[in-house]
Structures are given as structure tokens and as C-alpha cells.
Protein chains: 2
Amino acid sequence: MSAEPRWDPNFTPYVVNAMGPKTPERARVILGSLIKHIHDFAREVELTPAEWMMGVEFINSIGQISTPIRNECHRICDVIGLESLVDEIANKIVTEQGLSPTSNVILGPFWSPNAPFRELGDSIIQNPLPNGQVTWMHGRITDMETGKPIVGAVLDIWQASANAMYDFQDPEQSENNLRGKFRTNENGEYFWYCYHPTAYSLPTDGPAGVLLNLMDRSPFRPAHIHLMITHPDYATIINQLYPSTDPYLDIDSVFAVKNDLIVEFKPKTDDPKATLDLEYNVTMALKKHHPNPNSAPPVSSFERFNKGQKL
Amino acid sequence: MSAEPRWDPNFTPYVVNAMGPKTPERARVILGSLIKHIHDFAREVELTPAEWMMGVEFINSIGQISTPIRNECHRICDVIGLESLVDEIANKIVTEQGLSPTSNVILGPFWSPNAPFRELGDSIIQNPLPNGQVTWMHGRITDMETGKPIVGAVLDIWQASANAMYDFQDPEQSENNLRGKFRTNENGEYFWYCYHPTAYSLPTDGPAGVLLNLMDRSPFRPAHIHLMITHPDYATIINQLYPSTDPYLDIDSVFAVKNDLIVEFKPKTDDPKATLDLEYNVTMALKKHHPNPNSAPPVSSFERFNKGQKL
């Protein structure tokens, strides 16, 4: 056998150029790039027929375990960092002056469009658990450039309970337990009661578990609180907050930790309702700074579930 | 927004390096390259969250339509040329003198390990159809370097019937209709009766059909006869023969046409049993010339079906 690459250099262009004239232009760009990268990958590692067939079976297994409320391909994409990367490409804001607002990270599959509005100072804990650590969470939303408070911003919070399950994963939780929307007051402030978050594992009974095991990686995510912060004039921020003491910060199984999202929970002694205090302030950028100001966040599994089941 | 790429240059290495020390070395190579190419693809086309989610749903749909006898991911790989490329990487033989044997192409999903041995001169047509064009097929197998005949080579032939269906797709066909194994005689010759092949479409009721339609491509394959040629001393050849008059030669939906596999069917007037004559000669290379002399062909869907159902 020859030592040089022996493969037809015209093959990949031939496959890409097989696309006909009615291919939509954006599809041509995306599929052309995808085919080229898949071919380059196969040549780079000299993928064998047996390895290729393992990959074929693996991809078939992704859809086979998926259901209207389980999106295994979404999870696989998280495990290889693709959702985080797509989020960065879509949403990263850096002005010419080098200013950036509070970081965005992935939405994840557990957001619900149905969280109720609650009053500032309310608790999102509808079903208390004995080991839940109640936290007084508060902060201020300001404009990234002017520092002025943003009045009427909506903060949508969701989190797993102290048993590491979200409301719709757990028959013991009432709908919208640990979910709620709040509007900032005239000083741009918000405040509520929630839980210190609890770390949890991705489900490992499917292909994502097979892949994580093969890669010798932990399936755990660091504990986190999800936030979606919206305002008509400002670019939406979707992010997650992580306790600074969490052991999984450096090995998040979905690669969604950013430094400005690591927060300090402090003991609270002046409130019989809470044992912890979390101050978390947010800066937002005007929509004009966003690369895609009108882009919608990805539709979550849960939203699709609702559409399929109820609408 | 800035015009320069704004994305964290450390992100992809961070994801790749998350693999732990127990990752098998070959898995590390394959997954590292695959993750890098998927990330590069996403950055190159600036994949949007909505486009990414379309891809997620598409991949989930591949497994959802697959069954023990339908391997949709295999078909998707064929449509993007990946099976052909993997076949070329695994099996292309070019000696230092520039010699190559008869071309290899993909096995496809319709090979059966159960084809019966038949006598030279027999017909593989167990269930004749009125529109079938019976062909006297014959030829000689020789050594690529010496030109000497190869005695005792086994030719395994399989083909769709004149209704474009294989035996196990069609309840009207008996098992092993249009399949058979033949051994070359003392002159390296083989001869049998078969059909002129019939073109057929890939199934378009699943994701492969969606993809072909998006790419504005025909789902048709050119008509072909499958062959697998084996001998203990020679590198196995798996290929397909295409009539030179076929209209799909340049647009094969699975990219498996090679020039030396295009053959001429000629009228035959001296045999009441056949109306066409096909001479097809093969050159084989000693195993030492094969890049992976002991590699097995990929396991076909049909073989997996048998394993699941009968063994």
C-alpha cells in the first residue's frame, strides 16, 4: 500500500455538487459544509467499515429512545458542546468598545412557557422538601452602557427541587413548583424566595450515557438556577447560576458554565423564612447590540410536549 | 456587533479534552476529530438555534423509522456518500507500480449470507417474471499481476427482480430468488443465467426522502447487479455492475458508480433461454496488497435481521 492519501480528491465535491438547482440557498450552504466536514472526518481518522456501522447503530438508537418528552439528540448535542456553541454563535454580544452584558448560556430542555407571574417577595416553593435550603435571592438589573436601572424587566426562574427533579419529572410536585415570573420594580430590583440548587445527572440509560461512559466523563451537571430575563428594549438573556462551591463546575457535562455566572450563597440570619442569601445583579444590552435581535430561543422539549398533548 | 469571529477559541479544545483517562485511544481519536469537525461546521455556517433544532429533530426521526429490517441511518450515510467513502478508505488498492484490481463499491443492505451454491451454467431465476430479460452472464477471473486464471474463486451474485424488489422485500418471491454462489472452473471461468437489472428508488417515506428532496436529488439508483468475489489468497471484491445505457449512472443516489463497473449488455440470438449476453471479466489482487487484508465487510441490515429473528 502507498503511504500517501490514496483517495479520490474529486469525490467530496461530486457529492456536494449533486444538489440540484431547487435546493434552497441556505440548505446548500449548511449541507455542503456538513458533508465536507463528515467526509474530512472519515478521511482524517480513516474510519473503518466496522466503526462506521457502530456509528450508524448509535445514531439509530438516539431516535429509538426519544419520545415527545425525551429528546435524546438534544442531550447528545449538549454532551458534545454543540448546544453551547450554537448559543454562543447566536447570542454573544461584544460591542466595539468591548462591552458585554451578563452571559447567556443554553436554555436546556426544562423551561416552561407556562410559569405564572408572581409578586416580588413571593416564594416559588410550592411543595417544600425537608432538605431544601431556602434562599432569599435578590438583585438589580441595569443597562450595560448607562448603568441605569431597567424597570419592568421580566425574570423567569426555574429550578429542580431538592430531590434533583423538575416539576414535570416528579408526580409529587404540583405544576409550576419552583417556577415563576417576576417584574423588576421602579429601581430595577427583584427579590424572591427559592432553593439553593441541587446537582443532578443527565439520564444515563440511553445513548448519551453510552457516550459519556465511552468518554470517561461524569454525567453530572453542577447545581444551577435557570433564568430567562426579557424586556422589550433589551436583548433577552437566558442563563444559569452556579454556586461557587459546586464540585462539578469544571466538568459540567453540557459545557454551560461561564465565570460571571458563578455566584456566592451566604448565610442569612435575619429572616426566619430563609437560611441563605444570594445577591445576583444583571446587566443587559440594548437589542441593537445583539447579532440577531429578533431570533427566538430554541423550542424546548417541554414546549413541544405541550403542543403535542394539549393544544 | 464586531465583524471578526467573536467566539471563544478555547471552547472546542476544552470539550475534546474533557475526555477522561479511561477513554480507549481509538475512541479518543475518533470522537476528538468528530467533535472538532462538528464545531467547525457550526462556526463555518453560523448555525442558528432554529437550524440546530431542525437537525436535532431530523436525527431523532432517523431512529424512529428504523426497524430490525430498515436501517435508515445506513441509508442516510449512503445519500451523503459516506458509505462509499468509508469503502474507498478501507478497500482501495493501488500498488507501488500503479496496479489496481477491479473496483470495490458498497455492499448495500440487501446481501444475504444464505445464498445457495449453484452449478456453473445454472440460473438464479427461481421465479420468472414476464418482463424479465434473461441474460447469459459469463467471464473470467484473473490475477491482477500475472494475468493467470484464478481457479475456485467464489462469485456471490444478488439482484432485484424485474419488479425492482429483492426476494425478502417481496412475498411473491421464494427465498434466494436471484441469489446464488458459483465457483470458477479450472480456467478461472464462470457462467450463469440472471436478469438484466432494473433501476429502483430508495424508499422516500422517511428521513432519507426528506433529505433527497431538500437537496433536489433523484432517489433512484442505476440498475445494478451485485457481486461479492472471494478466494482464500485474494482480497475480496464487493461491487456492482451497471448497464452502460442506464439514465441514472451520473446521478446515483448513493454514489457507488465507478467507470470500470459500467458494462455492455449485447443481444443474444443463439440461446433460446436468453435474449442478452453479458461478458464481465474480473482482476483480483493478492491479499498482501490490501490495506486491511483481514477486515470484514460491514454487517448488512439483512444479516442483523437474521440474527435477531432466527439465530
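Look above for the structure.
On a predicted model such as this, the values are computed, not experimentally measured, just so you know.

Describing the overall build of chain A
For step 1, the next point in the chain: The helix and strand tally for chain A stands at 7 helices and 12 strands.
For step 2, the next point in the chain: By principal-axis analysis of the C-alpha atoms, chain A measures approximately 80 × 45 × 45 Å.
For step 3, the next point in the chain: A burial count over chain A gives 55% of its 311 residues as buried.
For step 4, the next point in the chain: Summarising the internal contacts of chain A: among those between residues at least 6 apart in sequence, 73% fall at separations of at least 24.
For step 5, the next point in the chain: Element-wise, carbon and sulfur atoms account for 55% of the exposed surface of chain A, whose accessible area totals about 13600 Å².
For step 6, the next point in the chain: Here chain A contributes 26 positive and 38 negative side-chain charges, whose respective centroids are spaced 6 Å apart.

Some thoughts on the pairing of strand 1 (residues 134-143) of chain B
Residue and element names in this part refer to chain B.
For step 1, the next point in the chain: Taking burial as the measure, the 10 residues of strand 1 include 8 buried ones, the bulk of the element.
For step 2, the next point in the chain: Direction of pairing for strand 1 relative to strand 4 (residues 189-195): antiparallel, over a ladder of 7 bridges. The residue of strand 4 that forms the bridge with G139 is Y190.
For step 3, the next point in the chain: Direction of pairing for strand 1 relative to strand 11 (residues 276-279): parallel, over a ladder of 4 bridges. Within strand 11, the residue paired with M137 across the bridge is L278.
For step 4, the next point in the chain: As paired strands, strand 1 and strand 12 (residues 282-284) are joined by 3 bridges and run parallel to one another. By the bridge assignment for strand 12, T142 is matched with T283.

Structural notes on the environment of B:P128
For step 1, the next point in the chain: If you trace the backbone, B:P128 turns up in the loop between helix 5 (82-91) and strand 1.
For step 2, the next point in the chain: Here B:P128 falls in the exposed class, since its relative accessible area comes to 63%.

Points about the sheet that holds strand 3 (residues 179-183) of chain A
Residue and element names in this part refer to chain A.
For step 1, the next point in the chain: Spatially, 3-2-7-8-9 is the arrangement adopted by the 5 strands of the open sheet, whose pairing is mixed. With partners counted over all chains shown, the strands left at the sheet margins are strand 3 and strand 9 (262-263), one partner each.
For step 2, the next point in the chain: Judged from the 6 bridges that link them, strand 7 (residues 225-231) and strand 8 (residues 234-243) form a sheet pairing that is antiparallel. Residue pairing for strand 8: H231 is matched across the bridge by Y234.

Topic: helix 2 (residues 25-45) of chain A
For step 1, the next point in the chain: For helix 2 of chain A, which comprises 21 residues, the first-to-last C-alpha distance of 30 Å matches the rise-based estimate of 30 Å (1.5 Å per residue) to within 8%.
For step 2, the next point in the chain: Buried within helix 2 of chain A we find A:A27, A:I30, A:L31, A:G32, A:S33, A:I35, A:H37, A:H39, A:F41, A:A42, A:R43 and A:V45.
For step 3, the next point in the chain: Buried positions along helix 2 of chain A lie against helix 1 (11-16) of chain A together with helix 2 (25-45), helix 3 (49-65), helix 5 and helix 6 (207-214) of chain B.
For step 4, the next point in the chain: A:E46 sits one or two residues past helix 2 of chain A and shows a positive phi near 50°.

What to know about the interface of chain B and chain A
For step 1, the next point in the chain: Counting from both sides, the interface comprises 76 residues of chain B and, opposite them, 76 residues of chain A.
For step 2, the next point in the chain: Together, the buried faces of chain B and chain A total about 7200 Å²; carbon and sulfur atoms form 67% of this surface.
For step 3, the next point in the chain: The tally of links from chain B across to chain A stands at 2 salt bridges.
For step 4, the next point in the chain: For B:E51, the salt bridge identified is with A:R26, shortest N-O distance 2.7 Å.
For step 5, the next point in the chain: In this structure, the connection of chain B to chain A is made through 33 residue pairs in polar contact (both at pLDDT 80 or more).
For step 6, the next point in the chain: Mapped by element, the contributors of at least two residues to the side of chain B that touches chain A are helix 1 (11-16), helix 2, helix 3, helix 4 (72-79), helix 5 and helix 6 of chain B.
For step 7, the next point in the chain: No other element matches helix 2 of chain B, which puts 17 residues into the side of chain B that touches chain A.
For step 8, the next point in the chain: In terms of residue class, the side of chain B that touches chain A is made up of 43 nonpolar, 15 polar and 18 charged.

Criteria and thresholds
- Residues numbered from 1 in each chain as written.
- Chains lettered and ligands numbered in written order.
- Predicted model: local features only at pLDDT ≥ 70, side-chain atom pairs only at ≥ 80, totals over all residues.
- Heavy atoms only, no water.
- Helix = DSSP H or I, 4+ residues; strand = E, 2+ residues; numbered from the N terminus.
- Buried < 20%, exposed > 50% of the residue type's maximum accessible area, 1.4 Å probe, protein only.
- Contact = heavy atoms within 4.5 Å.
- Areas by Shrake-Rupley, 256 points an atom, 1.4 Å probe, with all protein chains shown as cover.
- Lys, Arg positive; Asp, Glu negative; His and termini not counted.
- Charge placed at Lys NZ, Arg CZ, Asp CG, Glu CD.
- Pairing = 2+ DSSP bridges.
- Expected span 1.5 Å × (residues − 1).
- Buried area = accessible area lost by both parts, 1.4 Å probe.
- Salt bridge = Lys/Arg side-chain N within 4 Å of Asp/Glu carboxyl O.
- Polar contact = N/O pair within 3.5 Å; in protein donor to acceptor, adjacent residues only side chain to side chain.
- Nonpolar A, V, L, I, M, F, W, Y, C, P; charged D, E, K, R; others polar.

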